[in-house]
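If you want the building blocks of each chain, they are given just below.
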Amino acid sequence: MAWLRACGPDDLQEGEALRIETLPPIALFRVGGEFFAIDDTCTHALSSLSEDGYLSGEEVECGFHFAKFCVRDGRALSLPASKPLTTFAVKIGDDGVHIDVGERPYRQMR
């Protein structure tokens, strides 16, 4: 496990997303007071879900071709996407929100 501090717990407001600069990038979402981390790139086309997507409840919609994904488990919920997104463990510590980025290279966050 490689835990990366993504942000402070109050830095990401309800219904917001943050792009985490790993290779490939990860999207961190705050929904219902919980934090969820999934691959940031739509499995259908190369679109950033955190920057170009639309979050509605636990679903994020790709801004390019409108594929939808569940932020909780990464499932593809509508075409044109058919492949799920990878999910990542998230934990909240005294010093912030941390994501288990595994073996992904990353740029140090705040």
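Figured I'd write up the structure that's included with this text. Values in this document were obtained by computation on a predicted structure and should not be read as measured data. The residue numbering used here restarts from 1 in each chain and proceeds along that chain's sequence as written. Since the coordinates come from a predicted model, pLDDT governs what is reported: local features require at least 70, and pairs of side-chain atoms require 80 or more to be given and counted, while whole-chain, interface and lining totals use all residues. Heavy atoms throughout the structure, all of them, feed into the side-chain values; hydrogens and water do not.

This next bit is on the overall build of the protein chain. What counts as a helix is a DSSP run of H or I of at least four residues, what counts as a strand is a run of E of at least two, and both are numbered from the N terminus. When you go through the protein chain residue by residue, the secondary structure sums to 1 helix and 10 strands. Secondary structure elements of the protein chain occur, N-terminal to C-terminal, as β-β-β-β-α-β-β-β-β-β-β. Against the globule reference of 13 Å for 110 residues, the protein chain gives a C-alpha radius of gyration of 13 Å, in line with a compact fold. Categorising residues by exposure relies on relative accessible area from a 1.4 Å probe, with only protein chains included: less than 20% of the type maximum marks a residue as buried, more than 50% marks it as exposed, and the intermediate range marks it as partly exposed. Out of the 110 residues belonging to the protein chain, those deemed buried represent 41%. Here, two residues are considered to be in contact whenever any of their heavy atoms come within 4.5 Å of each other. Sequence separation of at least 24 residues holds for 45% of the intrachain contacts in the protein chain that already meet a minimum separation of 6. Note on method: radius of gyration uses C-alpha positions; expected globular size equals 2.2 Å times residues raised to 0.38.

With respect to the secondary-structure elements, Asp 100 resides in strand β10 (residues 96–100). Buried and unpaired, Asp 100 has no salt bridge, with Lys 91 as the nearest side chain of opposite charge at 8.7 Å. Under the rule applied, a polar contact is a pair of N or O atoms within 3.5 Å (in protein, one hydrogen donor and one hydrogen acceptor; residues adjacent in sequence only if both atoms are side-chain atoms). For Asp 100, the side chain forms a polar contact with the main-chain nitrogen of Gly 102, separated by 3.1 Å. In this structure, Asp 100 is in contact with Met 1, Ala 2, Trp 3, Phe 88 and Ala 89, ignoring residues within four places of it in sequence. All tallies of charge rest on Lys and Arg as positive and Asp and Glu as negative; His and the ends of each chain are not included. A pairing counts as a salt bridge when a side-chain nitrogen of Lys or Arg comes within 4 Å of a carboxyl oxygen of Asp or Glu.

Below, the discussion takes up the pairing of strand β3 (residues 26–31). The element β3 is largely enclosed, with a buried count of 6 among its 6 residues. Direction of pairing for strand β2 (residues 17–20) relative to β3: antiparallel, over a ladder of 4 bridges. In the strand pairing of β3, Ala 17 is matched with Phe 29. DSSP bridges decide pairing: two strands pair if at least two such bridges lie between them. Bridge analysis of β3 against strand β4 (residues 34–39) gives 6 bridges, and the strand direction is antiparallel. By the bridge assignment, Ile 26 is partnered in β4 with Asp 39.

Any two rings among Phe, Tyr and Trp, with Trp reduced to its six-membered ring, count as a pair given centres within 6.5 Å; such a pair is stacked if its planes are under 30 degrees apart, edge-to-face if over 60, and tilted if neither. All told, the structure shown has 0 aromatic pairs when counted by the stated rule. Here Lys 91 stacks its cationic end above the ring of Trp 3, 4.4 Å away from the centre of that ring. Charges are assigned to positions over rings by a cutoff of 6 Å between ring centre and Lys NZ or Arg CZ, combined with an angular limit of 35 degrees from the ring normal.

Interpretation in functional terms is not warranted from these geometric data alone.
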